[in-house]
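Secondary and tertiary structure notes
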Amino acid sequence: MITFGAPRIEEDEIRAVVRTLRSGWISKGPRATDFETAFRRYERAKFAVSVNSCTAALHLALVAAGIGEGDEVITTPLTFCATANVVMHVGAKPVFADVKRSSMNIDPEAIRKSITRRTRAVIPVHLAGRPCEMQAILSIARKHKLTVISDCAHAIEATYHGTKVGSIGDVAVFSFYATKNLTTGEGGMITTNHSRLARVMALDSLHGLSRHAWQRYSNKRPIHYSVVRPGFKYNMTDIQAAMGLKQLEKIERYLKIRERIWTQYDEAFASLPVVVPAPAERGTRHARHLYTLLLNLEHLRKSRDEIRVLLLKEGIGTGVHFVTLHREPLFKRVFGYRRGDFPNAEWISERTLSLPLSAKLTPSEVRRVIAAVTRVIRKVER
Ligand SMILES: Cc1ncc(COP(=O)(O)O)c(C=O)c1O
């Protein structure tokens, strides 16, 4: 079985984690601080805050930006539910704006049309690792005084006209979930160039305490902390950070491996009734997180979900990114979204299929994926 999104974990990560376990300090401490420094340097951002998930990072960003009851936050319906759930956590309304079919990313024009006097922020998601049209988005945000929280869960390595996605907009958030380009099992990071936002998010990531445990317990004399904000328990641990530091050292090497697999897939699937992902837009670097085929359903006798079952029988795990959020019961019930509201997102949602794309894949596994996809698609072709 080729598992979808299997992480590549090597002996040096295992040794680093064991060293941390033996060090006597396993919660947020020196390793997490080192990881924050290394990560903010990689993203060329001024500040970084390590947290226990990207969901926590999104929540902290909204709180720090002062978004709450009665506010509206514009985002894409083609994302993981966390992006919109956190908007509800702060009492605001997620307002979806449709995507472009070619990039699958939020359409700046749709953002513009969705702005009301309640709009306070926009959360562009760099889906699959493809950077959004940030120039247009930033210019709309500036005009309407909106905070830009960039969901970079898929896009650690992505750049937009020479700038890392982690240093564009007001706040950028990253995921280190098991399937991500860099993993710490679970984990996340926030980067920003705003010192005030960085300070507030760092405080809120650990109960709103003025000092974190490492500073309180490791000094020669006891130091007291003050509770300065009603914070959360969102900090990363040193165990996660030890793994993250090693993964970050390999991030560019692993990207090259995924780029090679990407090219092999593009060539292998060119003659099938599918659409391979569009090339990266000029001046951008795609982080190659997800290889998403669009099935040409008009020329196939089976649905995407039936094709997934056939692939599973061939031992190939696949993913769907994503079932569009406005069709989920929560967003239908609470906000009254309906089929037809976001036609491009719906069109993609019905036919998108993510294939295994991991630095862990061996050349023979890549050949197996190609052979199985070709066999299954040919079998169900009209
Ligand atoms: C686009 C996007 N945003 C946010 C998240 C949430 O990340 P995490 O699982 O680290 O909370 C995910 C997770 O898959 C995601 O795909």
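Keep in mind that what you see is a predicted model, and the values were worked out from it rather than measured.

**Let's talk about the pairing of strand β13 (residues 352-355)**
Where burial is concerned, the two faces of β13 agree: the one with Thr 352 and Ser 354 and the one with Leu 353 and Leu 355 are both buried. Looking at chain direction, strand β12 (residues 291-295) and β13 are connected through 4 bridges and run antiparallel. From the neighbouring strand, Thr 292 faces β13, where its bridge partner is Ser 354.

**A word on the sheet that holds strand β10 (residues 274-275)**
Read from one edge to the other, the open sheet built from 3 strands follows the order β10-β12-β13, with strand pairing classed as antiparallel. If you trace the sheet from one side to the other, it starts and ends with β10 and β13, each paired once. Note that β10 and β12 share 2 bridges and pair antiparallel. When the bridges of β12 are listed, Val 275 appears paired with Leu 294.

**Looking at the environment of Val 373**
Tracing the sequence through the fold places Val 373 in helix α14 (residues 363-380). Judged by the 24 C-beta atoms lying within 10 Å of it, Val 373 is buried. As for Val 373 and Ser 167, which are separated by 206 residues in sequence, their C-alpha atoms are 38 Å apart. Discounting chain neighbours no more than four positions away, the residues touching Val 373 are Phe 269, Leu 311 and Leu 355.

The rules behind the values
Residues numbered from 1 in each chain as written. Predicted model: local features only at pLDDT ≥ 70, side-chain atom pairs only at ≥ 80, totals over all residues. Buried ≥ 20, exposed ≤ 12 C-beta atoms within 10 Å, placed from the backbone. Helix = DSSP H or I, 4+ residues; strand = E, 2+ residues; numbered from the N terminus. Pairing = 2+ DSSP bridges. Contact = placed C-beta atoms within 7 Å.

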